[in-house]
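If you want the building blocks of each chain, they are given just below.
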Protein chains: 2
Amino acid sequence: MIRLLLADDQALVRGALAALLDLESDLEVVAQVGRGDEVVEAARASGAEVCLLDIEMPGMNGIDAAAAVRRELPGVRSLVVTTFGRPGYVRRAIEAGASGFVVKDTPARQLADAVRRVHAGLRVIDPDLAAESLIDGPSPLTGRERELLTHALDGSPVSAIAARVHLSEGTVRNHLSAAIGKTGAATRSEAARIAQERGWL
Amino acid sequence: MIRLLLADDQALVRGALAALLDLESDLEVVAQVGRGDEVVEAARASGAEVCLLDIEMPGMNGIDAAAAVRRELPGVRSLVVTTFGRPGYVRRAIEAGASGFVVKDTPARQLADAVRRVHAGLRVIDPDLAAESLIDGPSPLTGRERELLTHALDGSPVSAIAARVHLSEGTVRNHLSAAIGKTGAATRSEAARIAQERGWL
DNA sequence: ACCTCCCCGTGACACCTGTCATCCGCCGGC
DNA sequence: GCCGGCGGATGACAGGTGTCACGGGGAGGT
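Being a predicted model, the structure only gives us computed values, none of them experimental.

### Looking at helix α4 (residues 87-95) of chain B
Residue and element names in this part refer to chain B. By the burial criterion, the buried members of α4 are Pro-87, Gly-88, Tyr-89, Val-90 and Ala-93. In the core, the buried residues of α4 are packed alongside α3 (62-72), β4 (77-82), β5 (100-103), β6 (124-125), α6 (127-136) and α10 (188-197). Where α4 terminates, the next one or two residues include Gly-97, which has phi positive at roughly 100°.

Here it is in structure tokens:
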């Protein structure tokens, strides 16, 4: 019997996944949480062996949660399950110590198999995403560029971004100009969108 | 026995919801589709009585699908289930003839109840969203403003938008300026984001 | 020590953008 | 018939934006 922890901020999806996985005779959902920063504690308390982690969660994202599990509970394996198949996510999830990466587009019946493989010590990675992840390569953005792009995501003017991060407008424009060049975009707004799609933020 | 159709583009979520609802003794999932434009046909073929529709779907969105069901199969009721609790969505879903509106944050056990109420002819609407929907009011945007905002969502420069819709740059700027005023934003990019959050697009 | 890379800043320049005034044609309501 | 609202367009203007050149400081590698 494989003991599972589910982490997803959407209660409906979490409950539905629990129903789906509990149908399997060799799987048992022993814990459910809706926040990333509750994963380690719940996994420890419930004695979970495999954690199913969504990326988009309040408190802490699923990738950081996988890293925390890796650090605090070395025997427990993580399987990241997410809506968005962003290549950068795969790389970061694996680097964070996750054993698998599955998108929510995959057929429901394959999920239980993925869980079994991860539990057995194997890696499970969506083949298309793995290829994309290799093609795109790691993020070429510097720390500042990444930070400024996240603030540019909502279309704020440069002046607002500069005030938020306590930098001069000129510096902000220089960093964003570099990011625009690296993403091949024409505006900071487009650059921010592209970087997010690739999982660079 | 209530006959259900599920429409959600994420196969994993769709399968999981099916597992969850099939646990209820008085519910039966008789059809599953991953595209909005397959809903009517599948509902007709399977004899579904209630359709669970996600909004974000390829082919046709869940709100338009609800309208199509209303038109083609008057006896079938629709329950819109979505990730994003955007006030404008509630209004548009109800106007499209949906009998209920539920966000994916709601506890899993309440979903079956919502289905039963909708099947019984009652309306099911998230109370918080209903209130927000009334406060925000309907969209103040004109048709062109809405169209241009959707093209501005990705941060494209005005020149690109103008070329895409075959308008002069000046006209595009005028419409976007009006939209910026109506949304209280400072840039077209921010205006587009705000409009989308409110379900005006 | 030297080089490289990142970070921060300034100044200048061309271009893009948001705003406003003003015009036109069209349609629906009164 | 008149008026208001929408769509489309132009011109002008202030201010925002992207780019480039240049400088300076600090951390890390050889």
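### Details of the packing of aromatic side chains
Applying the stated criterion across every chain, the model contains zero aromatic pairs over all chains. If you follow Arg86(A) out to its NZ or CZ, it ends over the ring of Phe84(A), 4.4 Å from the centre.

### Quick notes on the protein's contact with DNA strand D
Contacts to DNA strand D come from 18 residues, most closely from Arg173(A), Ser177(A), Arg188(A), Thr142(B) and Arg144(B). A share of 58% of the atoms of DNA strand D within 4 Å of the protein falls on sugar and phosphate groups. The side chain of Asn174(A) places a nitrogen or oxygen atom 2.9 Å from a base nitrogen of DNA strand D. In the model, a phosphate oxygen of DNA strand D is placed 3.1 Å from a nitrogen or oxygen of the Ser168(B) main chain. If one sorts the elements of the surface near DNA strand D by residue count, helix α9 (residues 169-183) of chain B sits on top with five residues. Of the residues assigned to the surface near DNA strand D, the class counts are four nonpolar, ten polar and four charged.

### Comments concerning the UniProt feature "domain: HTH luxR-type" (unreviewed entry) in chain A
Residues given the UniProt feature "domain: HTH luxR-type" (unreviewed entry) here are residues 134-199 of chain A. Along residues 134-199 of chain A the backbone is 70% helical and 0% strand, and the end-to-end C-alpha distance reaches 13 Å.

### Section: the sheet that holds strand β4 (residues 77-82) of chain A
Residues and elements named next belong to chain A. Taken together, six strands build an open sheet; the order of strands is β2-β1-β3-β4-β5-β6 and the sheet is parallel. If you trace the sheet from one side to the other, it starts and ends with β2 (27-33) and β6 (124-125), each paired once. With four bridges joining them, strand β1 (residues 2-7) and strand β3 (residues 50-53) adopt parallel strand pairing. Its bridge partner being in β3, Leu-4 is matched across the sheet by Val-50.

### A word on the relation of the copies chain A and chain B
The second copy of the chain is related to the first by a rotation about an axis and a shift along the axis. If you rotate chain A by 180° and push it 0.0 Å along the axis, it lands on chain B with an RMSD of 0.1 Å. On this basis, the relationship between the two copies can be described by a two-fold rotation axis. Every residue of chain A has its C-alpha some distance from the rotation axis, and the shortest such distance is that of Ala16(A), at 2.3 Å. The overlap is high: 100% of the interface residues of chain A also sit at the interface in chain B, so the same surface is used on both sides.

### A few points about the domain arrangement of chain A
With domains assigned, chain A is organised as domain 1 (2-136) and domain 2 (143-197). Taking only C-alpha atoms into account, the centre of domain 1 of chain A sits 31 Å from that of domain 2 of chain A.

### A closer look at the packing of helix α2 (residues 39-46) of chain A against helix α3 (residues 62-72) of chain A
Residues and elements named next belong to chain A. Running from amino to carboxyl end, α2 crosses α3 at an angle of 45°, the nearest separation of the two axes being 9 Å. Regarding the angle of α2 to α3, the classification is oblique. Along this stretch, α2 crosses α3, giving a crossing that reads as right-handed. On the side of α2, the interface is formed by Val-39, Val-40 and Arg-44, while α3 contributes Ala-65, Ala-68, Val-69 and Glu-72.

### Considerations on helix α9 (residues 169-183) of chain A
Turn by turn, an α-helix covers 3.6 residues, leaving residues three or four places apart pointing in a common direction. Residues and elements named next belong to chain A. Its 15 residues give α9 an end-to-end C-alpha distance of 21 Å, which sits within 8% of 21 Å, the value for a rise of 1.5 Å per residue. Those residues of α9 that fall on the buried side of the exposure criterion are Val-172, Leu-176, Ala-179, Ile-180 and Thr-183. Seen from one end, α9 has its buried residues packed into an arc of 105°, which puts them on one side. Turned more than 90 degrees away from the buried face of α9, the exposed residues are Asn-174 and Gly-181. Looking at the buried positions of α9, the neighbouring elements they touch are α7 (143-152), α8 (158-165) and α10 (188-197). Count one or two residues on from α9 and you reach Gly-184, which has phi positive near 75°.

### Topic: the protein's contact with DNA strand C
Around DNA strand C sit 18 residues, and of these Thr142(A), Arg144(A), Asn174(A), Arg173(B) and Ser177(B) come closest. Restricting attention to atoms of DNA strand C within 4 Å of the protein, one finds that 65% of them are sugar or phosphate atoms. Asn174(B) is positioned such that a nitrogen or oxygen atom in its side chain is 3.0 Å from a base nitrogen of DNA strand C. Side-chain polar atom of Arg188(B) to a phosphate oxygen of DNA strand C: 3.1 Å apart, as the coordinates give it. Taken together, the elements giving at least two residues each to the surface near DNA strand C come down to α7 and α9 of chain A together with α9 of chain B. Ranked by residues supplied to the surface near DNA strand C, first place goes to α9(A) with five residues.

Definitions and limits used
Residues numbered from 1 in each chain as written. Chains lettered and ligands numbered in written order. Predicted model: local features only at pLDDT ≥ 70, side-chain atom pairs only at ≥ 80, totals over all residues. Heavy atoms only, no water. Buried < 20%, exposed > 50% of the residue type's maximum accessible area, 1.4 Å probe, protein only. Helix = DSSP H or I, 4+ residues; strand = E, 2+ residues; numbered from the N terminus. Contact = heavy atoms within 4.5 Å. Phe/Tyr/Trp six-rings, centres within 6.5 Å; stacked < 30°, edge-to-face > 60°. Lys NZ or Arg CZ within 6 Å of the ring centre and 35° of its normal. Near = heavy atom within 4 Å. Polar contact = N/O pair within 3.5 Å; in protein donor to acceptor, adjacent residues only side chain to side chain. Nonpolar A, V, L, I, M, F, W, Y, C, P; charged D, E, K, R; others polar. UniProt positions renumbered as here; feature names shortened; annotations may be inferred. Pairing = 2+ DSSP bridges. Least-squares fit on C-alpha atoms with pLDDT ≥ 70 in both. Domains from an automatic or database assignment. Axes fitted to C-alpha atoms, helices over the stretch in contact; angles between N-to-C directions. Parallel < 35°, antiparallel > 145°, perpendicular 65-115°, else oblique. Left-handed = near helix turned anticlockwise from the far one by under 90°. Expected span 1.5 Å × (residues − 1). Arc of directions from axis to C-beta.

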